[in-house]
Amino acid sequence: MKFGVSTFLTDQGIAPTALGPALEERGLDSLFIAEHTHIPVERRTPYPGGGELPEIYYRTLDPFVALAAVAAVTERLLLGTGIALVVQRDPITTAKEVASLDLISGGRAIFGVGIGWNREEMANHGTDPRTRGHLVDERLQAIRELWTQEKAEFHGEFVDFDPVYSWPKPVQRPHPPIYVGGGEGAFPRVAALGDAWLANSTSPDQLGPQIERLRGTAGRDVPVTVYAVPSDPDIIERYAQLDVERLLFYLPTVPEPETLGHLDRFAEVAGRFR
């Protein structure tokens with residue numbers, strides 16, 4: 001089982017260029033960072049975690065700028081979006097951003113994606129929340145075409161373009177892995193478009209049956225990465241029994257000295273399972 005970190009990179013926490021090397025030095029294999037372009041002042045959509053929306057949601061760095069900075073100061077660390085809000089992203093621009101990150105990092109990009117929860121945020125990008133699932137599916141299909149075809153084209157309800165050239169192509173073949181986030185409602189998307197399932201803080205008791213249902217839907221052995229797990233060895237052991245591919249410890253967004261303390265704890269716990 002592999003171990004990485006999931007976090008919100010903001011202007012108030014550790015810098016990306018400090019975090020990346022610290023992860024590599026401690027033997028953690030990946031960094032997945034969250035994305036929110038903005039938070040509407042008059043937001044009505046309730047925060048899924050309950051209560052007030054944490055300040056980190058208001059201050060996230062652009063994921064591809066931040067991950068490019070991390071790529072420049074690391075050699076092995078996998079660089080993931082956790083998650084990129086495809087529902088708010090132009091597919092042609094996004095395909096180029098992921099491919100560019102994959103190129104400059106030597107093939108270390110992971111494209112973690114989801115449909116999002118903040119309806120007012122996505123509406124500001126011109127997205128109708130009621131059709132966001134279909135929109136995301138089309139955008140992911142179009143992105144794969146742009147990555148893999150010399151002359152890419154796509155014709156759908158929401159995405160439509162005649163043949164285009166789009167370079168660079170990703171280093172990874174056929175393309176960077178797509179990790180689909182979400183609950184069981186995302187399983188058809190994982191089956192059709194995903195290379196792995198990014199499960200969000202799902203407990204081991206819930207996760208086992210869900211993995212069985214996912215693999216039944218997909219008709220294949222889908223790798224599973226679990227987002228935002230606690231650094232509790234007893235819980236980690238229960239995940240290990242489920243044969244998940246990777247666990248992502250949740251790293252709070254705090255200044256560098258506190259961050260390094262958390263990373264030391266993560267590395268110590270991960271070391272017990274290697």
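Let me sum up the structure you'll find in this document. A quick note: this is a predicted structure, and the numbers were derived from the prediction, not measured. (Residues numbered from 1 in each chain as written. Predicted model: local features only at pLDDT ≥ 70, side-chain atom pairs only at ≥ 80, totals over all residues. Heavy atoms only, no water.)

Here's the deal with the overall build of the protein chain
Helix and strand counts for the protein chain come out as 9 helices and 11 strands. Relative to a compact globule of 274 residues, whose C-alpha radius of gyration would be 19 Å, the protein chain shows 18 Å and is just as compact. In the protein chain, which comprises 274 residues, the share counted as buried stands at 51%. Contacts in the protein chain between residues far apart in sequence, at least 24 positions, make up 69% of those at least 6 positions apart. (Helix = DSSP H or I, 4+ residues; strand = E, 2+ residues; numbered from the N terminus. Rg over C-alpha atoms; globule rule 2.2 N^0.38 Å. Buried < 20%, exposed > 50% of the residue type's maximum accessible area, 1.4 Å probe, protein only. Contact = heavy atoms within 4.5 Å.)

Regarding the nonpolar core
Membership of the largest hydrophobic core comes to 66 residues, with the highest contact counts inside it found for Leu28, Leu31, Phe111, Trp197, Phe249 and Leu263. Of the residues forming this core, the biggest block, 7 residues, is contributed by helix α5 (residues 132-148). Contact partners of Leu28, with chain neighbours within four places excluded, come to Phe3, Val5, Leu23, Leu77, Phe249, Leu263, Phe266, Ala270 and Arg274. Listed in part, the 16 residues of the second largest apolar core include Ile39, Tyr57, Ile110 and Leu198. (Core = buried A, V, L, I, M, F, W, Y, C linked by side-chain atoms within 4.5 Å.)

Things to note about the packing of aromatic side chains
A full pass over the atoms with the stated rule returns 10 aromatic pairs. Note on Tyr47 and Tyr57: the rings are 5.4 Å apart at their centroids and 70 degrees apart in plane angle, and the pair reads as edge-to-face. Of this pair, Tyr47 sits in the loop between β2 (30-33) and α2 (63-72) while Tyr57 sits in the loop between β2 and α2; the two residues are 10 residues apart in sequence, bridging distant segments of the chain. Note on accessibility: Tyr47 and Tyr57 belong to one class, buried. Clustering of aromatic rings is evident, with ring pairs tying together Phe3, Phe249, Phe266 and Phe273. A cation sits over an aromatic face here: Lys169 above Trp167, 5.0 Å from the ring centre. (Phe/Tyr/Trp six-rings, centres within 6.5 Å; stacked < 30°, edge-to-face > 60°. Lys NZ or Arg CZ within 6 Å of the ring centre and 35° of its normal.)

A look at unusual backbone geometry
A cis amide bond, omega 10 degrees, links Gly82 with the succeeding residue Ile83. Within the secondary structure layout, Ile83 lies in the loop between β3 (78-81) and β4 (84-85). The step from Arg173 to Pro174 runs through a cis peptide bond, and the omega angle for that step is 5 degrees. Within the secondary structure, Pro174 sits in the loop between β7 (160-164) and β8 (178-181). Of note in this structure, Ala228 is not a glycine but carries a positive phi near 60 degrees. Along the polypeptide, Ala228 turns up in strand β10 (residues 224-229). When its relative accessible area of 18% is taken as the criterion, Ala228 is described as buried. Even without being a glycine, Asp243 presents a positive backbone phi close to 60 degrees.

What to know about the packing of helix α7 (residues 204-218) against helix α8 (residues 233-240)
With their axes 10 Å apart at the nearest point, α7 and α8 run at an angle of 10 degrees to one another. Put simply, α7 runs roughly parallel to α8. Between α7 and α8, the contacting residues are Pro204, Asp205 and Leu207 on the first element and Ile235, Arg238 and Tyr239 on the second. Considered class by class, the residues forming the contact of α7 with α8 number 4 nonpolar, no polar and 2 charged. (Axes fitted to C-alpha atoms, helices over the stretch in contact; angles between N-to-C directions. Parallel < 35°, antiparallel > 145°, perpendicular 65-115°, else oblique. Nonpolar A, V, L, I, M, F, W, Y, C, P; charged D, E, K, R; others polar.)

Overview of the pattern of salt bridges
Pairs can form between side chains of opposite charge whenever their charged atoms are close. Counted under the stated rule, the structure contains 18 salt bridges. The residue Arg59 makes a salt bridge to Asp11 at a minimum N-O spacing of 2.8 Å. Placement of the pair is Arg59 in the loop between β2 and α2 and Asp11 in the loop between β1 (2-7) and α1 (16-25), with a sequence separation of 48 residues. What makes Arg59 partly exposed here is its relative accessible area of 29%. For Arg246, the salt bridge goes to Asp29, with nearest N and O atoms at 3.0 Å. Within this pair, whereas Arg246 is found in strand β11 (residues 246-251), its partner Asp29 is found in the loop between α1 and β2, the two being separated by 217 residues in sequence. (Salt bridge = Lys/Arg side-chain N within 4 Å of Asp/Glu carboxyl O.)

Here's the deal with the packing of α1 against helix α9 (residues 256-271)
At a closest axis distance of 11 Å, the pairing of α1 and α9 adopts a crossing angle of 20 degrees. One way to sum up the angle between α1 and α9 is to call them roughly parallel. The two elements α1 and α9 meet at a crossing, and its hand is right-handed. Contacts from Ala18, Leu19, Ala22 and Leu23 of α1 reach α9 at Glu256, Thr259, Leu260 and Leu263. Here the residues of the contact of α1 with α9 are counted per class, giving 6 nonpolar, 1 polar and 1 charged. (Left-handed = near helix turned anticlockwise from the far one by under 90°.)

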